[in-house]
Each structure stands twice: as structure tokens, then as C-alpha cells.
Amino acid sequence: MRKDPVCSACAEVNPVTNNPWVPGSSLLGESSNWLAKAGFISLVVSPIAVALIWAIVVDRVTIPRANRSPEDNVESRWFDTAAKNALLGTWVVAGVGAALTKSLKTDLPAVSITLLAICGIMAVIFVASFLWEKRRGQ
Amino acid sequence: MKNRLAELRKGQGLSQQTLANKLGVSRQTIISIEKEHFDPSLPLAFRLAITFGLAIEDIFIPSI
């Protein structure tokens, strides 16, 4: 079984921390302080946290000039279309990227595996969502 | 789908924003329906029909 070539620089780095191919990983390294780590994690998590808190806590009725039926808005369809395109686009890019990084025998085996994992996770979520909607519709 | 929304709205002297506020949707939604770029949901179509005192088929003309 052929083993992927690994560059000497990559072999010495932790796969998660201080990895030059993982954005922000240097902030998670052992050398960085807790404040930087907390800041980085807050930055990554805050959009989802804010959206979640907004959905749970904020009552639409209390917001001046808020639409009573946002699900009937054309913006809702734009959002659905954008989400669908984002899903399909990410799927294609991750799939092609995984194939390229694997077939071109680059020094990026972790990238290939990560992209493949992204494709797999998206497929699982898609199938689960489809089956859930199918069950609801029956 | 073809529709008479712009004609009916202007007939009642309503602005797009006023109609949007009445229906609880955005002004852009009214613009998109009038330009026939967006087919409204059934609940919104019913609200439109009630607002103008007409049947849905009097406002929307299916392109069969």
C-alpha cells in the first residue's frame, strides 16, 4: 500500500495546532496564551451563538417594522437558493479539491482527507435532512 | 405567474410599502411579485385576495 509523501515540515507539526495549513491553528498552539485562544474561539463561535440567541430570545413582535411573515418574503426564497447553491458549490469544490490533492501527490494528505470528510459529512446531513422531510411529508 | 397586482394596487391608491405593511412582508416582495419574478406562497396569495376583496384567480393568471 502506497504511503502518501509527507514533507519534513509537515511531519513535525501537530495536525491541529501550529499547522500552517489550518487557519488560526497557531493561536491554538501551546505557545500562545489563553486570551488569544479565547479570542479566536469566540470569533469562530460568535456568529452561531448570536444567531441562536436571537432565534430563542428575541420576539419578532417586539421589533419595530419587522415583517410578520418573513417566510413569505422573496428574501426567504433568495436565502433558500443561496443555501442550496452554497451546499452544492461546497460539495463540488470539496470533492474536486479532495480528488486533486490526492491525485496530484501533493504534500497535503491532511487536506485531501479533510475535504473528503467534508463531502462525507455533507452527504450524511443531506440524506438525513431529506429523509426527515420525507417522513414529515407522509 | 402573470398577475394584476400592480394594477389593483394603483387602483386603490396604495404604495408598494403600504401594501407590504398590510400584508406583513417586505417591499421587495411586492416588487418581485409585480415584476412576476416571484410567485407568492398560498397564504400570501390568500392575504392578497382578502386585501383586494377578490378571489385568488382574479389576481393571478396561471401561465398554462
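Everything below is about the structure printed above this text.
Residues numbered from 1 in each chain as written. Chains lettered and ligands numbered in written order. Predicted model: local features only at pLDDT ≥ 70, side-chain atom pairs only at ≥ 80, totals over all residues. Heavy atoms only, no water.

Quick notes on the pattern of salt bridges
A side chain with one charge may pair with a side chain of the opposite charge, provided their charged atoms come close. Applying the stated criterion across every chain, the model contains 4 salt bridges over all chains. We note a salt bridge from Asp72(A) to Arg47(B), for which the minimum N-O separation is 3.0 Å. Here Asp72(A) is found in the loop between helix H2 (34-57) and helix H3 (74-103), whereas its partner Arg47(B) is found in helix H4 (residues 42-52) on a different chain. Residue classification places Asp72(A) among the buried residues on the basis of a relative accessible area of 6%. For Arg47(B), a relative accessible area of 23% corresponds to the partly exposed category. The residue Arg136(A) makes a salt bridge to Glu133(A) at a minimum N-O spacing of 3.5 Å. Here Arg136(A) pairs with Glu133(A), and both are found in helix H4 (residues 109-137), just 3 residues apart, close to one helical turn. (Salt bridge = Lys/Arg side-chain N within 4 Å of Asp/Glu carboxyl O. Helix = DSSP H or I, 4+ residues; strand = E, 2+ residues; numbered from the N terminus. Buried < 20%, exposed > 50% of the residue type's maximum accessible area, 1.4 Å probe, protein only.)

Digging into the environment of Glu57(B)
Here Glu57(B) lies in helix H5 (residues 56-59). Each C-alpha atom of the pair Glu57(B) and Asn3(B) lies 9.1 Å from the other, and the pair is 54 residues apart in sequence.

Some thoughts on the side chain of Glu34(B)
All names here are of chain B. Along the polypeptide, Glu-34 turns up in helix H3 (residues 27-34). A polar atom in the side chain of Glu-34 sits 2.5 Å from the side chain of Arg-9. Sequence-distant contacts of Glu-34, that is, excluding residues within four places in its chain, are made with Asn-3, Leu-5, Ala-6, Arg-9 and Gln-16. (Polar contact = N/O pair within 3.5 Å; in protein donor to acceptor, adjacent residues only side chain to side chain. Contact = heavy atoms within 4.5 Å.)

Concerning the interface of chain B and chain A
Much of the literature gives interface size as the accessible area that the parts lose upon coming together. Facing the 15 residues of chain B at the interface are 9 residues of chain A. For the pair chain B and chain A, the two sides together bury roughly 940 Å², of which 41% comes from carbon and sulfur. At the surface where chain B touches chain A, the tally comes to 12 residue pairs in polar contact (both at pLDDT 80 or more). Listed by contribution, the elements that provide at least two residues to the side of chain B that touches chain A are helix H2 (16-23), H3 and H4 of chain B. Of the residues that constitute the side of chain B that touches chain A, the class distribution is 5 nonpolar, 8 polar and 2 charged. (Buried area = accessible area lost by both parts, 1.4 Å probe. Nonpolar A, V, L, I, M, F, W, Y, C, P; charged D, E, K, R; others polar.)

Overview of H2(A)
Residue and element names in this part refer to chain A. If you check H2, its first and last C-alpha atoms are just 30 Å apart, much less than what 24 residues at 1.5 Å a residue would give, namely 34 Å. When the local axis directions of H2 are compared, the greatest deviation, roughly 45°, occurs at Val-45, which is followed within four positions by the proline Pro-47. Of all 24 residues in H2, 1 are buried; the element is thus mostly exposed. Two or three places before Leu-35, at the start of H2, stands the capping residue Asn-33, its side-chain oxygen 3.2 Å from that residue's backbone nitrogen. (Expected span 1.5 Å × (residues − 1). Bend = angle between axes of the 7 residues up to and from the residue.)

A short note on the nonpolar core
One finds Leu5(B), Leu19(B), Leu23(B), Ile30(B), Leu48(B), Phe52(B) and Ile59(B) to be the most contacted residues of the largest nonpolar core, which totals 18 residues. Looking at this core, the elements that each hand over two or more residues are helix H1 (5-11), H2, H3 and H4 of chain B. By residue number, the principal contributor to this core is H4(B), which donates 5 residues. Leave out the neighbours within four places in its chain, and Leu23(B) touches Arg68(A), Ser69(A), Ile30(B), Leu44(B), Arg47(B), Leu48(B) and Thr51(B). (Core = buried A, V, L, I, M, F, W, Y, C linked by side-chain atoms within 4.5 Å.)

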